[in-house]
Amino acid sequence: MNDFYIGYLPKAPEGLARFLRRVIAALGVLAISIALLLVMKQMRFANSIFEYGKVRGFEGTIATAPYPSLLVERPGMAGPQSKYSRYLLVAPGKHGADELVAGFDGKKVRVQGQLIYREGGTMVEITPGSITPLDTVPADRESTRDLGAVTVTGEIVDSKCYLGVMNPGQGKVHRDCAARCLSGGVPPLFVTSNGVDQFLLVDPEGHALGHDALREFVAEPITIHGELLQRGESRLLMINASALTHMAGRIQKAPPLAERHE
Amino acid sequence: MIQPLRVVHRRAFVTLTLVLPAILLIGLGARHSHSSPTASAADVPATAYVVRESSNLWQRHSIHTKFYRRSDGSQDIYLVLQPAQSLNEPDLLLYWDANAPQGNVLSGEAQLLGAFSTGKVFHLPLNEKRAGYLVLFSPAHQTVLDTAAVEKLP
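For clarity, every value in this text was computed on a predicted model and none was experimentally measured. (Residues numbered from 1 in each chain as written. Chains lettered and ligands numbered in written order. Predicted model: local features only at pLDDT ≥ 70, side-chain atom pairs only at ≥ 80, totals over all residues. Heavy atoms only, no water.)

J.: Looking at this structure, I do not really get the sheet that holds strand E3 (residues 77–83) of chain B. What am I missing?
T.: Two modes of strand pairing occur in sheets, parallel and antiparallel, and in both the strands are linked by backbone hydrogen bonds. All names here are of chain B. An order of E1-E2-E3-E6 is seen for the four strands of this open sheet, with the pairing classed as antiparallel. Edge positions in the sheet fall to strand E1 (48–54) and strand E6 (121–124), since each of these pairs with one other strand and no more. Looking at each pair of strands side by side, their axes are set apart by 30° on average, direction ignored. Two strands pair when backbone bridges link them, and E3 and E6 are joined in this way by four bridges, in the antiparallel orientation. Each bridged residue has a counterpart across the sheet, and for Val 80 the counterpart in E6 is Val 121. (Pairing = 2+ DSSP bridges. Helix = DSSP H or I, 4+ residues; strand = E, 2+ residues; numbered from the N terminus. Axes fitted to C-alpha atoms, helices over the stretch in contact; angles between N-to-C directions.)

Now the structure itself:
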């Protein structure tokens, strides 16, 4: 390795050239190995679906609170099971469906929209103007059962993206989108860190949370304490959004600019 | 001057060749995982025992199906389903029916067992024959996803 490379000579010294050939070959193998490793170690996409462009018709009873939903009667004999499936309703884009369903609360309707679904959660993106009232008996109000206080760790997501419109629809990479969706009125969902449980987040009175109430905490690991309610097969977690805090080690809220200049 | 510098550069590059991939691998290993729901039959009564199990019961999907019975003499049968692959259908419901469904239409006697979930425990409302059909039905798609004929249970 005492060969000396001189750029203006037509050939590099033989020993140095041999060494470089080996290094380049080794680096090539290493690069391919790393690329394969990266591909294989990627997290798998969630098994979530947005039936974009596939408009279907649904019949059910509109419930506007806490978040717009369609109660769809289940066929067959329900027995002790809930007689209704609850499909969350949203508007196109990053918008909740509050305006679209206003005036239809408790009414049986036919609605058109596109399905969004993931792991038992079902949502419909309503086609604006497609809600038609029906002259049939609406669904009974579902009873609500208090399941007691719980402390859970997981992530606040916007339900529309999480259930299928975006993939991934959770985590840091999706944080900006989730914040915009929640600001637009898409219902907030809490997903536990083991991925098993999903809770719709509501305020301590069981009403919808303010659109910007959770923006600061979305898409980061968080532990929250609240009162759990069961309504049909949906579970609602009543939380005090103003009492939420970031978990230790997470980025803290920056002070106002004026303070920083002082 | 040039030779010592080349020695330093060579050592630096060899070191970086080892250190940088190591950092990458450590970073990959330290990532938070987004878990999918996992199967668990934790809600089966502690005194229950398996009376039948099969992975070939369903017509279109591989779903490991276990039937449990309580050891306290009760005739109640419980059921746990573990699909080999995730069944991603909107609003997927499990029914128990004395008759097989006709196409995508459930019979009027179909009894709802509940919203399907992997590993969830369902109670079977058995009739006198103690046999019938399990049906996975999606009201949102208006389709029968799959059907399993269940022979007489003990």
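What follows continues from the structure just given.
J.: Sorry if this is basic, but what is going on with the domain arrangement of chain A here?
T.: As a measure of interface size, the accessible area lost when the parts come together is often cited. Residue and element names in this part refer to chain A. Domain boundaries in chain A define domain 1 (48–133) and domain 2 (144–243). A separation of 19 Å is found between the C-alpha centroids of domain 1 and domain 2. Contacts between domain 1 and domain 2 engage 26 residues on the former and 31 residues on the latter. For the pairing of domain 1 and domain 2, the buried interface totals around 2,100 Å² over both sides, and the portion due to carbon and sulfur atoms is 56%. Looking at the side of domain 1 facing domain 2, the largest losses of area belong to Tyr 67, Lys 94 and Arg 118, adding up to 33% of the total buried there. Seen at the junction of domain 1 and domain 2, the total is two salt bridges. Applying the counting criterion to the domain 1 and domain 2 interface returns 11 residue pairs in polar contact (both at pLDDT 80 or more). Counting residues per element, the ones that place at least two in the side of domain 1 that touches domain 2 are strand E1 (48–63), strand E3 (84–91), strand E4 (95–96), strand E5 (108–118) and strand E6 (121–126). A per-element tally of the side of domain 1 that touches domain 2 places E3 first, with four residues. (Domains from an automatic or database assignment. Contact = heavy atoms within 4.5 Å. Buried area = accessible area lost by both parts, 1.4 Å probe. Salt bridge = Lys/Arg side-chain N within 4 Å of Asp/Glu carboxyl O. Polar contact = N/O pair within 3.5 Å; in protein donor to acceptor, adjacent residues only side chain to side chain.)

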